[in-house]
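What the coordinates show
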Amino acid sequence: MLPRKSIIPEEFGLPGLASRIPRKPVFRDRVNKARFIAKNGSCNLAHKNIREQGRFLQDVFTTLVDLKWRFTLVIFTTTFVSSWLLFAMSWWLVAFAHGDLDPDSTADSYCVTDVKSFTSAFLFSIEVQVTIGFGGRMITEQCPTAITVLILQNIVGLIINAVMLGCIFMKTAQSNRRAETLIFSRHAVIAVRNNRLCFMIRIGDLRKSMIIGATVRLQVVRKTTTPEGEVIPIHQIDVQTESAMASNSLFLLAPLIICHTIDKNSPLYDLSAMELQCSDLEVIVILEGVVETTGITTQARTSYVSEEIQWGHRFVPIVTEEEGVYSVDYSKFGNTVKVATPRCSARELDEKPSILIQTLQKSELSHQNSLRKRISMRRNNSMRKGGSSGSLRQNNSSLVSPKVQFPSQSEGGQILNAVT
């Protein structure tokens, strides 16, 4: 049985109409990969198959400092208790060899008074090593061996105290603790600054004590393949910033915006807004400096993947002057606002400077259209309320947009600065 034909021709049906619609190019989604540096600055790296484990024991102090707190406390307790038990056994053997444990022995011939069992020897060991001394137990001059054990226990106790207390002090005063108050913006932005595409982030310090000689370094980490076919899974490319070119360090008194101009030497030179979302690059930010109060060098790190880079945004100002004092509003630290930015790459923008002019013109036209809509809405509202024509003119005159002169293209093909 033949199927019935539809009354509507096939070319006007849903499949036929869908086939005529021009399809936009579909970009392949970016494959989710692990971050090299986490947002809190920790390195996402696992060391496996290390055969020479003895190298860690050659630097015991650094190994103890790098351990977690629970392991450090267990080692701290075990070390002291073991030393007390070891020397308690020594004191008990000294008393046993000298005959102090004999019930018939007199008090004048004791090596250590009131040491008649292992429990009393353990208590005397604790008194000697931690220099408590309750006064009931003491050594006498009757036994030179007891004097030698006393000297050895004092030396060993001082070494254990120096190592363990120094380890705990270094763990509590580590430089990364100061980095907890060095903050970075949640997102990075790409916008036009001085007629060039720029990659920008914001950094700040929550403490009043400053970071001396603060420097910021940017690196782009991506998987690359050399012309010879060698695959480099973690290729680190240094990125130059404007602050590094102007001076050697930053004066991190208030939050600063670190700007990287995307030029020919930048690894972001060939990336457009769409290609950036599909790329697997990661921008690492490293802030280093010396803590003013302690003199310890500290380092704070973070990273930005492609999803955390906002194209066509700019950071809002957060520093204002109030009654002769500069005030910083940290509630707006990571806030951004949309601005007119070409969606093309920096290379295309250098080859066709007119793209920037067209983008600014479209942005100005849309701004004027929005102003006209506001004027018409206010005019209608005033007519409904029966407002006077004089007040209407006054309201309309306050909404007139300022004249904007767009950047023009010079004879050499460069873009002149815009005058507002």
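Our subject is the structure listed above.
What you see is a predicted model, and the numbers here were worked out from it, not measured in a lab.

The rules behind each value
Residues numbered from 1 in each chain as written. Predicted model: local features only at pLDDT ≥ 70, side-chain atom pairs only at ≥ 80, totals over all residues. Heavy atoms only, no water. Helix = DSSP H or I, 4+ residues; strand = E, 2+ residues; numbered from the N terminus. Buried < 20%, exposed > 50% of the residue type's maximum accessible area, 1.4 Å probe, protein only. Axes fitted to C-alpha atoms, helices over the stretch in contact; angles between N-to-C directions. Parallel < 35°, antiparallel > 145°, perpendicular 65-115°, else oblique. Left-handed = near helix turned anticlockwise from the far one by under 90°. Contact = heavy atoms within 4.5 Å. Nonpolar A, V, L, I, M, F, W, Y, C, P; charged D, E, K, R; others polar. Pairing = 2+ DSSP bridges. Core = buried A, V, L, I, M, F, W, Y, C linked by side-chain atoms within 4.5 Å. Phe/Tyr/Trp six-rings, centres within 6.5 Å; stacked < 30°, edge-to-face > 60°.

**Considerations on the environment of Q142**
Mapped onto the fold, Q142 is located in the loop between α5 (118–129) and α6 (144–172). A relative accessible area of 43% means that Q142 is categorised as partly exposed. Between the C-alpha atom of Q142 and that of V112, which follows or precedes it by 30 residues, the distance is 9.0 Å.

**Some words on the packing of α5 against α6**
In contact at an axis separation of 9 Å, α5 and α6 are set at 60° when each is read in the N-to-C sense. The angle between α5 and α6 places the two elements in the oblique class. The interaxial crossing formed by α5 with α6 has right-handed handedness. Contacts from S125, V128 and Q129 in α5 reach L150, Q153, N154, G157 and I160 in α6. When the residues that make up the contact of α5 with α6 are grouped by side-chain class, the tally is 3 nonpolar, 5 polar and no charged.

**Concerning the sheet that holds strand β7 (residues 282–291)**
What the 4 strands build is an open sheet, ordered β5-β4-β7-β8; its pairing is antiparallel. The open sheet is flanked by β5 (231–239) and β8 (297–305), the only strands paired with a single partner. When strand polarity is set aside, the average angle formed by the axes of neighbouring strands in this sheet is 25°. Here strand β4 (residues 211–225) runs beside β7; their pairing, made up of 9 bridges, is antiparallel. Note on β7: the bridge partner recorded for I211 is V291.

**What to know about unusual backbone geometry**
For T131, which is not a glycine, the phi torsion comes out positive at approximately 50°. Overall, T131 belongs to the exposed group, its relative accessible area being 65%. The phi dihedral of N195 is positive, around 65°, even though this residue is not glycine. Structurally, N195 can be placed in the loop between β2 (188–193) and β3 (196–205). Residue classification places N195 among the buried residues on the basis of a relative accessible area of 16%.

**Some points on the packing of helix α4 (residues 69–98) against α5**
Interaxial distance between α4 and α5 falls to 8 Å at its minimum, and their mutual angle equals 120°. Comparing their axes, α5 and α4 come out oblique. Here the hand of the crossing between α4 and α5 comes out right-handed. Residue-level inspection shows F80, S83, W84, L85, F87, A88, M89, W91 and W92 of α4 in contact with α5, the latter providing F118, A121, F122, F124, S125, I126 and Q129. Broken down by class, the residue content of the contact of α4 with α5 amounts to 13 nonpolar, 3 polar and no charged.

**A word on the pairing of β5**
In this structure, β4 lies alongside β5, joined through 7 bridges in antiparallel fashion. The residue bridging L218 from the neighbouring strand is V239, located in β5. Hairpin connection from β4 to β5: 5 residues lie between these consecutive antiparallel strands, with G229 at a positive phi of about 95°.

**A closer look at the nonpolar core**
Among the nonpolar cores identified, the biggest contains 38 residues, and I201, I203 and I309 are the most heavily contacted of them. Among residues more than four places away in sequence, those in contact with I201 are S185, A188, L218, L256, I257, I258, V285, Y304 and F315. Judged by nonpolar contacts, the second largest core, of 13 residues, contains F87, V94, V115 and V128.

**Side note on the packing of aromatic side chains**
Any aromatic ring pair is given by two values, namely how distant the centres are and how the planes are angled relative to each other. All told, the structure shown has 5 aromatic pairs when counted by the stated rule. Each ring, one from F80 and one from W84, has its centre 6.1 Å from the other, and the planes form 50°; the classification is tilted. Residue F80 and its partner W84 are located together in helix α4, separated by 4 residues, close to a single helical turn. Note on W84: relative accessible area 18%, which makes it buried. With a centroid separation of 4.9 Å and an interplanar angle of 80°, the aromatic rings of W91 and F124 are classed as edge-to-face. With W91 in helix α4 and F124 in helix α5, this pair connects stretches of sequence that are 33 residues apart.

Without other data, these values stay purely geometric and don't point to any function.
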